[in-house]
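The primary structure of each chain is shown beneath.
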Amino acid sequence: MEVKVVRKILDVNDAMAAQNRNAFGKQGVFVLNVMSSPGSGKTALLERTLSQLSPEIRCAVIVGDVATSHDADRLAKSGAPVVQVNTDAFGGDCHLAAHVIGAAASDLDLSAIDLLIVENVGNLVCPAEFDIGEDARVVVLSVTEGEDKPVKYPLMFRVCDAALLNKIDLLPHLDYDIAAARGYIRQIKSDMPIFDVSAKTGEGFDAWIKWLKKTVAAKSTAAA
Amino acid sequence: MHEMGIAAQVVQIAVDSIPADMPKARVQQVNLKVGKLAAVVPQSLLFCYDIITRDTPLAGSRLHIEEVPVTARCNDCGRDWTVEGPVFRCPDCDSGSIQLTSGQELEIISIEIED
Ligand SMILES: Nc1nc2c(ncn2[C@@H]2O[C@H](COP(=O)(O)OP(=O)(O)O)[C@@H](O)[C@H]2O)c(=O)[nH]1
Ligand SMILES: [Mg+2]
Ligand SMILES: [Zn+2]
């Protein structure tokens, strides 16, 4: 006997994500989900991004890591509230799930925040599959990784709203073909905004910060 | 990499789907649809499923995964096609303005119970 079910396997996560989105929306908090392979420079990018947004935009960060609080300690130096989530406690997960973000956000005063940035676990596969209730997603790729990462991880690049090509200060020392990397990204998503940046020197940050401010403002205008 | 978690969700949903008037039902097969773009490796999912079902009403049941191809529609010319490689552009008019019409599924379709 066949019993029809027809349910999304991740419907529990999707429901939690909708709940998060609703709670963030009510408080006027914009949520940015930042994803990349380990070591692409998410934490370094966020350190500089936080310093450039403050005090105009009030930020907080949730940072996911399999273990340790090193990233949280680095980010807390900006003065923004930081919640560290060790996914170890949730079975060493390779991504942040919506219920984890919901629990972490309860440690924050959402009414005092305009932008909540989530540094996801370093992984280009799993986080792409899990909605956390975010408003925008960005993927970070560093020029020390292969140019063809976008075509190896197409889902990640399909679901993101912008891509950052980080560590461009290293380009003079590498054989990296940045035009090829851009081409691969656009092959997956033709209208993807791409920002060439260096978290180390700050090069390229003006365009990235401008895009981020515009994206955050677009939501608060729409909500008003 | 999160196939164990996915398998756990499958088991949860499948167990919840056993009709209330059949508490002793033996589930023989669980049918899934998994899009080729979904971040799930069918082989790993099958492996995890066998382990995780051991002490459940699904013990010994088969997981059947129907892989769904990635298909797209062009917003500019209306062409429908199957995306074979990692190129998300219209093969007719080269537009990048496309929508995916399948390939991201991660669904449980039905369970089959021994009569
Ligand atoms: N040269 C250079 N190194 C960078 C840059 N951004 C990050 N790094 C270095 O890359 C390593 C990983 O950075 P981190 O921010 O921890 O990456 P995450 O794992 O993605 O959070 C660290 O040693 C950083 O100092 C950059 O723009 N240029
Ligand atoms: Mg980090
Ligand atoms: Zn077309």
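See above for the structure.
Residues numbered from 1 in each chain as written. Chains lettered and ligands numbered in written order. Predicted model: local features only at pLDDT ≥ 70, side-chain atom pairs only at ≥ 80, totals over all residues. Heavy atoms only, no water.

Enquirer: Please clarify how the coordination of the magnesium ion (ligand 2) should be interpreted in this entry.
Expert: Residues and elements named next belong to chain A. Note on the magnesium ion (ligand 2): its protein donors are Thr 43 (OG1), Asp 71 (OD) and Glu 119 (OE). The metal-donor distances range over 2.0 to 2.1 Å. Within one chain, the residues donating to the magnesium ion (ligand 2) are spaced in sequence as T-x27-D-x47-E. Here Glu 119 lies in strand β5 (residues 115–119) and Asp 71 lies in helix α3 (residues 70–76), a separation of 48 residues in the sequence. Summarising the burial analysis for this pair, Asp 71 and Glu 119 share the class buried. (Donors = N, O, S within 2.8 Å, 3.2 Å for Na, K, Ca; no water. Helix = DSSP H or I, 4+ residues; strand = E, 2+ residues; numbered from the N terminus. Buried < 20%, exposed > 50% of the residue type's maximum accessible area, 1.4 Å probe, protein only.)

Enquirer: Before we go on, may I ask you to explain the sheet that holds strand β3 (residues 71–74) of chain B in this structure?
Expert: The strands that make up a sheet are held in pairs by hydrogen bonds between backbone atoms, and each pair lies either parallel or antiparallel. Residues and elements named next belong to chain B. Read from one edge of the open sheet, 3 strands run β4-β3-β5, paired in antiparallel fashion. Strands at the two margins of the open sheet, each flanked by one partner only, are β4 (80–82) and β5 (98–102). Each strand axis lies, on average, 30° off the axis of its neighbour in the sheet, ignoring direction. Where β3 meets β5, 4 bridges bridge the pair, whose relative direction is antiparallel. (Pairing = 2+ DSSP bridges. Axes fitted to C-alpha atoms, helices over the stretch in contact; angles between N-to-C directions.)

Enquirer: For this particular structure, what's the right way to read the site of ligand 1?
Expert: Residues and elements named next belong to chain A. Taken together, 17 residues form the shell around ligand 1, and within it Lys 42, Thr 43, Ala 44, Asp 169 and Ala 199 come nearest. Contact between ligand 1 and Thr 43: an oxygen atom at 2.8 Å from a side-chain N or O atom of the residue. Take Lys 167: an N or O atom from its side chain is 3.0 Å from an oxygen atom of ligand 1. For ligand 1, the protein covers 70% of the area, taking 580 Å² as the surface of the free molecule. Counting residues per element, the shell around ligand 1 draws most heavily on helix α2 (residues 42–53), which supplies 3 residues. Partitioned by chemical class, the residues of the shell around ligand 1 number 4 nonpolar, 7 polar and 6 charged. (Near = heavy atom within 4 Å. Polar contact = N/O pair within 3.5 Å; in protein donor to acceptor, adjacent residues only side chain to side chain. Areas by Shrake-Rupley, 256 points an atom, 1.4 Å probe, with all protein chains shown as cover. Nonpolar A, V, L, I, M, F, W, Y, C, P; charged D, E, K, R; others polar.)

Enquirer: How do you make sense of the packing of aromatic side chains when you look at a structure like this?
Expert: Geometry of an aromatic ring pair is reported as the spacing of the ring centres plus the angle between the planes. All names here are of chain A. Across all of its chains, the model carries 3 aromatic pairs over all chains by this definition. Centre to centre, the rings of Trp 208 and Trp 211 are 5.9 Å apart; their planes meet at 20°, and the pair counts as stacked. A residue pair is termed a helical-turn pair when its members lie 3 or 4 positions apart in one helix, as Trp 208 and Trp 211 do in helix α8 (residues 205–223) at 3 residues. Under the relative-accessibility criterion, Trp 208 is labelled buried at 2%. Accessibility expressed as a relative area gives 13% for Trp 211, which makes it buried. Chaining the aromatic ring pairs together yields one cluster made of Phe 195, Trp 208 and Trp 211. One Lys or Arg, Arg 48, reaches over the ring of Phe 205 and ends 5.8 Å from the middle of that ring. (Phe/Tyr/Trp six-rings, centres within 6.5 Å; stacked < 30°, edge-to-face > 60°. Lys NZ or Arg CZ within 6 Å of the ring centre and 35° of its normal.)

Enquirer: Just checking my understanding: could you explain the side chain of Asn 33 of chain A for this structure?
Expert: Residue and element names in this part refer to chain A. Its place among the elements puts Asn 33 in strand β2 (residues 30–36). Polar side-chain contacts of Asn 33 include one of 2.9 Å to the side chain of Glu 134. Excluding anything up to four places from it in sequence, Asn 33 contacts Val 118, Asn 120, Ile 132, Glu 134, Ala 136, Arg 137 and Val 138. (Contact = heavy atoms within 4.5 Å.)

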